[in-house]
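Observations on the model geometry
The residues making up each chain are set out below.
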Amino acid sequence: MLRTHTCGQLRKSDVGHEVTLCGWVESKRDHGGAVFIDLRDRYGLTQVVVGPPEAEASLIDEAGRIPTESVILIKGKVADRLEGKTNDKLDTGDIEVRTEHLEILNTCATPPFTPSQSDLPGEDLRLKYRFLDLRRKEMQQGLMMRSKIIKTMRDFFAEHDFIDVETPILGRSTPEGARDYLVPSRVHAGKFYALPQSPQLYKQILMVAGFDRYVQLAKCFRDEDLRADRQPEFTQLDLEMSFVDADDVMGLIDGLVARTAKEVLGKEVKTPLPRMTYDEAMCRYGHDAPDLRFDMEIVNVTSVAAKTEFRVFRGTADAGNFVRGLNVKDAATKYSRRQIDDLTNYVKEFGAKGLAWFRVEEDGTLWSPISKNLDEAHLAEIKELMKGEPGDLLMFLADTWEVTCKGLYALRKRLGAELKLYSPDQLDCSWITEFPMFEKDEETGNWSAMHHPFTAPLARDLNKLDEDPAACRAQAYDLVINGSEAGGGTIRIHDSTTQSKVFELLGIDEATAEDRFGFLLNALRYGAPPHGGIALGVDRWVMLLAGLDNIREVIAFPKTQKAADLMTEAPGDVDTDQLTELHLRTVGIKKD
RNA sequence: GGCGCGGUAGCUCAAUUGGUUAGAGCCCCGGACUGUCGAUCCGGAGGUUGCGGGUUCGAGUCCCGUCCGCGUCGCCA
């Protein structure tokens with residue numbers, strides 16, 4: 001090692017010792033006769049003094065000319081700082097190193113930005129110069145937390161007898177699910193591999209093989225449009241277990257959540273984690289990943305709306321649709337007409353036609369631009385249902401079930417953030433269970449699997465496969481952390497009768513099934529144990545535990561919204577020779 | 001693909017209703033300085049206002065197109 005200590009290590013007890021430090025020059029204060037250097041590495045920052053009597057004039061002069069962010073090595077004695085010159089913002093602030101020897105290991109070109117500057121540059125520049133961005137404390141802390149979370153996961157599953165098995169990156173495309181990233185085959189002209197969207201099929205095969213408890217940190221790829229919490233390549237903690245039911249899987253993950261929160265954040269999370277069915281989540285929060293850090297539940301007032309003369313309410317109820325709303329506690333004076341107009345435009349983005357609202361006045365009556373359309377009795381009933389108290393703001397959407405869900409979910413989420421209804425360090429983890437097996441494609445009217453076609457229905461819903469597919473619930477469960485889907489899993493079908501029925505419902509005939517999943521169906525015929533599992537979104541876990549709202553902040557080299565890497569400039573051009581070898585030719589590309 | 005926000009010096013931002021030579025701080029360069037820790041002081045350099053077109057006597061500002069970044073809807077079994 002070139003160094004004897006890190007830049008975060010030295011304390012008062014080291015005073016008098018001869019040390020060697022290596023690091024980056026974060027900043028430099030040149031007084032001519034002496035130079036103060038803040039030397040940084042990932043462990044911390046130590047003040048280095050280059051001045052008399054230890055350093056000669058030439059060395060002091062050289063130190064003054066070192067460019068910021070250069071890498072240097074210094075040797076010297078640890079010394080107490082002068083009386084009153086300590087820095088209590090630094091762990092190493094009681095001491096400094098008096099430099100006797102200094103080597104510039106490598107200079108730094110003038111950087112477009114520095115890791116220590118307070119004004120963060122635009123994200124495009126940060127991504128282009130990711131090596132500088134990653135020198136920032138926040139980025140280093142995020143990646144260190146990521147590493148710690150992964151270690152906790154690995155320890156946990158090793159202790160629970162899981163076997164880590166790697167599955168292929170080059171697989172075959174299956175038409176279900178997200179768009180695949182394809183890799184052309186050189187050897188097989190015109191054929192393609194697909195990068196895995198998840199190791200789903202392989203892990204089931206591993207169960208058939210008897211591995212019983214499989215786990216993997218798996219890179220997954222989906223060629224879909226990006227979001228703040230979505231990257232085209234991401235990491236799943238993927239696992240599968242034999243001879244288990246949904247309770248077993250959730251119980252196991254409860255333990256992991258509690259342990260991770262404890263080890264990484266020092267927080268206690270009570271287990272078992274609360275559970276809520278999908279139906280209940282949709283009724284109370286309008287979404288299958290509700291943010292449970294704050295209340296403000298959706299209330300259904302359709303029964304009252306149906307009795308009113310107000311055309312919008314009455315018409316909605318008569319058409320079999322819904323009037324549902326939120327009670328925004330204590331917000332009547334916090335939102336002006338203009339701001340409510342903004343909210344109205346906001347919910348329109350989600351398909352709502354408008355936003356009806358009422359203020360609960362001091363005398364307990366409801367005031368609204370539309371209240372003249374409603375009887376006092378009905379207003380009182382609405383207030384009662386909404387548990388309205390003076391100062392509250394009641395907001396309603398009148399629309400289809402789906403639109404009221406989407407609009408009120410979005411509205412609640414926005415209001416929760418705007419009104420700061422939760423604290424940034426809150427951690428709420430819960431399960432959403434009993435997802436529907438199927439959803440109907442609006443255009444074609446066909447059923448499709450909500451999760452995947454191998455998801456087992458609830459035992460008590462088996463008969464509904466024939467009678468009422470829409471009401472058939474699955475043995476599927478999602479882990480939700482702070483309103484974000486942090487993982488999801490299912491118990492799989494392991495008997496061929498049920499599997500055939502599900503395929504039939506999905507419109508997948510025997511030949512198609514064989515063609516798409518033949519290898520899995522074949523394996524299932526050779527003694528498949530009952531099995532199920534879950535996949536956890538590692539990037540999202542890190543983001544949520546770090547209290548961040550953007551997944552790119554916890555990924556070392558993320559891609560932009562257009563799925564580009566601004567540092568390497570991937571994706572890039574390739575030689576025509578390479579294309580020829582792969583039996584490819586590009587067509588229909590617009591010239592710049 | 002739709003909607004919204006943004007792009008001005010290396011960086012972060014400003015620039016009145018469309019009106020003089022597009023400014024400031026930081027960074028950078030040169031100089032001074034032995035106790036700073038956002039060092040200080042003096043001086044200096046630095047601009048195709050993302051790109052292309054249009055309107056106008058005049059465009060950073062208005063219009064059209066386009067590229068890039070971000071958010072979001074669709075999409076993401």
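The structure reproduced in this document is the subject of the present report. Values in this document were obtained by computation on a predicted structure and should not be read as measured data.

Each value, and the rule that gives it
Residues numbered from 1 in each chain as written. Chains lettered and ligands numbered in written order. Predicted model: local features only at pLDDT ≥ 70, side-chain atom pairs only at ≥ 80, totals over all residues. Heavy atoms only, no water. Helix = DSSP H or I, 4+ residues; strand = E, 2+ residues; numbered from the N terminus. Buried < 20%, exposed > 50% of the residue type's maximum accessible area, 1.4 Å probe, protein only. Contact = heavy atoms within 4.5 Å. Areas by Shrake-Rupley, 256 points an atom, 1.4 Å probe, with all protein chains shown as cover. Lys, Arg positive; Asp, Glu negative; His and termini not counted. Charge placed at Lys NZ, Arg CZ, Asp CG, Glu CD. Core = buried A, V, L, I, M, F, W, Y, C linked by side-chain atoms within 4.5 Å. Pairing = 2+ DSSP bridges. Axes fitted to C-alpha atoms, helices over the stretch in contact; angles between N-to-C directions. Salt bridge = Lys/Arg side-chain N within 4 Å of Asp/Glu carboxyl O. Near = heavy atom within 4 Å. Polar contact = N/O pair within 3.5 Å; in protein donor to acceptor, adjacent residues only side chain to side chain. Nonpolar A, V, L, I, M, F, W, Y, C, P; charged D, E, K, R; others polar.

So, on to the overall build of chain A. Helices and strands together make up the secondary structure of chain A, namely 17 helices and 22 strands. Its C-alpha atoms give chain A principal-axis dimensions of about 90 × 75 × 55 Å. Looking at chain A residue by residue over its 592 residues, the buried ones come to 49%. Relative to all contacts within chain A whose residues are 6 or more apart in sequence, the contacts with residues 24 or more apart total 68%. Carbon and sulfur atoms make up 49% of the accessible area of chain A, which totals about 30,500 Å². Once the 75 positive and 98 negative side-chain charges of chain A are each reduced to a mean point, those two points are 2 Å apart.

Attention now moves to the nonpolar core. Counting 77 residues, the largest nonpolar core has Phe157, Leu239, Ile253, Phe438, Leu479, Leu536 and Trp541 as its most contacted members. For this core, the leading source of residues is helix H6 (residues 246-265), giving nine residues. Sequence-distant contacts of Leu239, that is, excluding residues within four places in its chain, are made with Phe157, Phe162, Lys203, Tyr214, Val215, Leu252, Ile253, Gly533 and Ile534.

Spatial ordering of the open sheet is given by E12-E13-E16-E14-E15, a layout of five strands whose pairing is antiparallel. Of all the strands in the sheet, the pair left with one neighbour each is strand E12 (298-300) and strand E15 (366-367). Sheet topology note: the E12/strand E13 (residues 322-328) ladder contains three bridges and is antiparallel. By the bridge assignment, Val299 is partnered in E13 with Gly325. Against the sheet, helix H10 (residues 337-348) touches strand E14 (356-360), E15 and strand E16 (393-399), its axis set at about 30° to E16.

Once that is clear, we can look at the pattern of salt bridges. Under the defined criterion, the tally for this structure stands at 45 salt bridges. Note that Lys77 and Glu18 form a salt bridge whose closest N and O atoms lie 3.9 Å from each other. Pair noted here: Lys77 is in strand E4 (residues 71-80) and Glu18 is in strand E1 (residues 18-30), with a separation of 59 residues, a long-range link. For Glu18, a relative accessible area of 44% translates into the label partly exposed. Arg40 serves as the salt-bridge partner of Glu69, at 3.0 Å between the closest nitrogen and oxygen. Of this pair, Glu69 sits in the loop between helix H1 (57-64) and E4 while Arg40 sits in strand E2 (residues 35-41), and the two are 29 residues apart along the sequence. For the pair Glu69 and Arg40, a shared accessibility class is recorded, and that class is buried.

With that settled, consider the sheet that holds strand E17 (residues 429-433). Spatial ordering of the open sheet is given by E6-E9-E10-E22-E21-E20-E17-E11, a layout of eight strands whose pairing is mixed. Looking at strand neighbours, the two that pair on one side only are strand E6 (163-164) and strand E11 (275-277), the edges of this open sheet. Pairing geometry for strand E21 (residues 484-491) and strand E22 (residues 531-537), over five bridges, is antiparallel. The residue of E22 that forms the bridge with Gly489 is Ile534.

Time to look at the protein's contact with RNA strand B. In the vicinity of RNA strand B there are 52 residues, among which Arg29, Lys85, Arg98, Ala449 and His451 approach most closely. Here RNA strand B approaches the protein such that, of its atoms within 4 Å, sugar and phosphate make up 50%. In the environment of RNA strand B, a base nitrogen lies 2.6 Å from a nitrogen or oxygen atom belonging to the backbone of Asp30. Across the surface near RNA strand B, the residue classes break down as 14 nonpolar, 19 polar and 19 charged.

Bridge analysis of strand E3 (residues 44-50) against strand E5 (residues 95-106) gives two bridges, and the strand direction is parallel. Bridged to Val49 within E5 is Arg98. Pairing of E4 with E5 involves 10 bridges; the strand directions are antiparallel. Among the inter-strand pairings, Ile72 is bridged to a residue of E5, identified as Ile104.

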